[in-house]
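Observations on the model geometry
Now for the letters of each chain:
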Amino acid sequence: RVPLIGTLKKSGVPLRANESFTQAEIEAGRVTYAAPAGAGGIQSFSFTVRDASGATTSPVEFRIEIVPETPPSIVTNAGLWVDANDEVVIDNRVREARDTQDSAEQILYTIISQPKRGLLKRSGSALGPKNTFTQADLNAGRVSYAAQDGARGTQSLSFSVTDSSGEATGPATFEIRIGPAQLV
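So, here is what we can say about the structure in this document.

Calculation rules
- Residues numbered from 1 in each chain as written.
- Predicted model: local features only at pLDDT ≥ 70, side-chain atom pairs only at ≥ 80, totals over all residues.
- Heavy atoms only, no water.
- Core = buried A, V, L, I, M, F, W, Y, C linked by side-chain atoms within 4.5 Å.
- Buried < 20%, exposed > 50% of the residue type's maximum accessible area, 1.4 Å probe, protein only.
- Helix = DSSP H or I, 4+ residues; strand = E, 2+ residues; numbered from the N terminus.
- Contact = heavy atoms within 4.5 Å.
- Polar contact = N/O pair within 3.5 Å; in protein donor to acceptor, adjacent residues only side chain to side chain.
- Pairing = 2+ DSSP bridges.

The biggest cluster of nonpolar side chains holds 24 residues, and the ones touching the most others in it are I90, Y109, L120, F133, F174 and I178. Every element with two or more residues in this core is listed here: β7 (80–82), β10 (108–113), β14 (143–147), β15 (153–162) and β16 (172–178). A total of four residues in this core trace back to one element, the largest contributor, which is β16. Setting aside residues no more than four positions away along its own chain, F133 makes contact with I107, L108, Y109, I111, L120, R122, L127, L138 and V143. In this structure, V31, A39, F45 and I66 belong to the second largest nonpolar core, which totals seven residues.

Relative to the elements of secondary structure, S144 occurs in strand β14. Given a relative accessible area of 8%, S144 falls into the buried group. Engagement of the side chain of S144 in a polar contact is seen with the side chain of E87, the distance being 2.7 Å. For S144, the residues in contact, after removing those within four places along its chain, are E87, V88, V89, I90, L119, L120 and K121.

Take the sheet that holds strand β1 (residues 7–10) next. Ordered by their spatial adjacency, three strands build an open sheet running β2-β1-β3, and the pairing between neighbours is antiparallel. The sheet terminates laterally at β2 (13–14) and β3 (31–34), the two strands that pair on one side only. Pairing analysis gives two bridges linking β1 to β2, with the strands arranged antiparallel. If you follow K9 over to β2, its bridge partner there is P14.

Following this line, the structure appears as structure tokens:
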């Protein structure tokens, strides 16, 4: 019995009822299951095992739990203090998103609007609207903000966060306060 939802495949080709695959094909990664977009819950298929002598087992049910895709979640959005005329790193201590199915390299920030009185950078290169950086860039300290000469007050950066399947957060804002350093 094939799964009711999703597709069991051998070497990328959908398997139909009563078609076979071998243990060697499983070990080589040629037998896969693909869930349709938006699917969730438990799916299953049944199979029998036959040895070289022709002896066959009773049908065995194999269950697959499909975890639905969800957008990344913003877990830290602390904002930032920066002295006027200074540049500071924006890292995962002040800005972090996570996704259960994706790595930091796959979590993509897209800039919607940038601060008006400063410059957002990745690895020293200026970023603007529609430019991107990853959570891995933040984790590694490659994203920074440089306040313009004479800038004061609160600036903001607006962005969306997307995972590898295209699930996205709505627009979010990261505040940057410019002025004298805050004493802790």
